[in-house]
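# A structural walkthrough
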Amino acid sequence: FFVLSCFYDRSFRSTMSEIPSLSLSTNATATSFPQVGLGTWKAEPGVVGEAVKNAIVVAGYRHIDCASNYLNEAEVGDALETLFEEGAIKREDLFITGKLNNPYHHKEHVLPHLQKSLMDLKLDYLDLWLMHWPVAFKYVPYDGTKRGFHESYDPDNCSELEEVANAENPGTAKIDNTVSIRDTWEAMEACVEAGLVKHIGLSNVPAIVVHDVLTYAKVKPAVIQNEMHPYCQQPALCAYATKNGIALTAYSPLGTASNASWTGGDRLLDDAVLNGIAKKHNKTAAQVCIRWAVQRGTSVIPKSTHPDRQLQNISVMDFELDSEDMEKIATLDRNFHYLRPNDWYGIPLFTS
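Residues numbered from 1 in each chain as written. Predicted model: local features only at pLDDT ≥ 70, side-chain atom pairs only at ≥ 80, totals over all residues. Heavy atoms only, no water.

## Thoughts on the packing of aromatic side chains
On inspection of all chains with the given rule, the structure shows ten aromatic pairs. Here Trp133 and Phe350 contribute two aromatic rings whose centre-to-centre distance is 6.3 Å and whose plane-to-plane angle is 45 degrees, an arrangement assigned as tilted. Pair noted here: Trp133 is in the loop between β6 (126-131) and α4 (162-165) and Phe350 is in the segment after α14 (341-345), with a separation of 217 residues, a long-range link. Exposure class is identical for Trp133 and Phe350. Each is buried. When the centroid spacing of 5.4 Å and the interplanar angle of 80 degrees are considered together, the rings of Phe137 and Tyr345 count as edge-to-face. (Phe/Tyr/Trp six-rings, centres within 6.5 Å; stacked < 30°, edge-to-face > 60°. Helix = DSSP H or I, 4+ residues; strand = E, 2+ residues; numbered from the N terminus. Buried < 20%, exposed > 50% of the residue type's maximum accessible area, 1.4 Å probe, protein only.)

What follows is the structure, given as structure tokens:
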């Protein structure tokens, strides 16, 4: 099995509030961020704000993963503002990630889109800003003077664009082939120079995209955030990132049950091996997956809006998977992705 030894702090602590951290030291800025964070993808409007408050105040999370694409940053921002005003937490004690959405990859759109996220989140800066996907979509308009988005805003499908909505294949019609990853990355670098983000990184990328960015980057990618779980372990990418001093974050670490219906895959948390290991340690299969991610040296961002599950997800420091457990989990890898851009718009980022 693979362990990112250059990042992994083996001095585990027993309390949930003392989650180990990963170091980010790209360029002149040195930062650390907790290995277990709260994901907000698919966290529903009307629920996500209270979920964020509970995660921070009750469960002890200090790492919150956000994205403009999730269409819930304004509610997250209201929650954060309340906590700051009440003195429940200080901004500098949180590590907050955001993401550049696909329709805004052109240089002239990058900074305004970041400013929109900062306005929605009610923040002056982000600790980490990721290129959400290495694929540009055609520009989808929005009102940059208001928090939140209008009701018909659809950055995933670009359905407001007639050329996309009326196309024979809307999935491929929304792709913008006129902007390069380099153009976008250089615009993100300018946001670091402007002091609006501390670190930048990549998401949903194969190693070749990272390799290309490293050939011209003035600001090195600090983090790669990819789908990673026992069915999709990506050991070669992990090794490549470690060699280049890049930290990794695992999203969908518990699988994505809502996607299982159309991917045809097994539900990760029903896996017999994981449940056997969970029973051995008197834990849940979800806690085994999260502990596995921490133990192999990645950060991990399970999403939950349920207080009890938030607490379970961060309470993984009071047990350790032994070598037999890790070896069993290693055998589960099948390079299975619950998120499949080839099915969405015909670009096989992860599959041949």
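## What about unusual backbone geometry?
If a residue is not glycine, its phi is most likely negative; likewise, a peptide bond is most likely trans. At Cys158, a residue that is not glycine, the phi angle is positive and equals roughly 55 degrees. Position of Cys158 among the secondary structure elements: in the loop between β6 and α4. Within the chain, Asn204 stands out as a residue other than glycine whose phi angle is a positive 60 degrees. Within the secondary structure layout, Asn204 lies in the loop between β7 (197-203) and α7 (207-216). By relative accessible area, Asn204 is classed as buried at 2%.

## Focus: the side chain of His199
Looking at where His199 falls in the secondary structure, it is placed in strand β7. At 2.8 Å, the side chain of His199 forms a polar contact with the side chain of Thr31. (Polar contact = N/O pair within 3.5 Å; in protein donor to acceptor, adjacent residues only side chain to side chain.)

## A closer look at helix α10 (residues 272-281)
All buried positions along α10 are accounted for by Leu274, Ile277, Ala278 and His281. Down the axis of α10, the sector holding all buried residues measures 105 degrees, keeping them to one side. In α10, the exposed positions angled more than 90 degrees off the buried face are occupied by Ala272 and Lys279. The opening residue of α10, the one whose side-chain oxygen lies 2.9 Å from the backbone nitrogen of Val273, is Asp271. Immediately downstream of α10, the backbone of Asn282 shows phi near 60 degrees, a positive value. (Arc of directions from axis to C-beta.)

## Some thoughts on the nonpolar core
Within the largest apolar cluster, 94 residues are counted, with the highest numbers of intra-cluster contacts made by Val36, Leu126 and Trp129. With eight residues, helix α11 (residues 285-295) is the single largest residue contributor to this core. Every residue in contact with Val36, bar those within four places of it in the chain, is listed here: Ile19, Tyr61, His63, Ile290, Val294, Val300, Asn313, Ile314 and Val316. (Core = buried A, V, L, I, M, F, W, Y, C linked by side-chain atoms within 4.5 Å. Contact = heavy atoms within 4.5 Å.)

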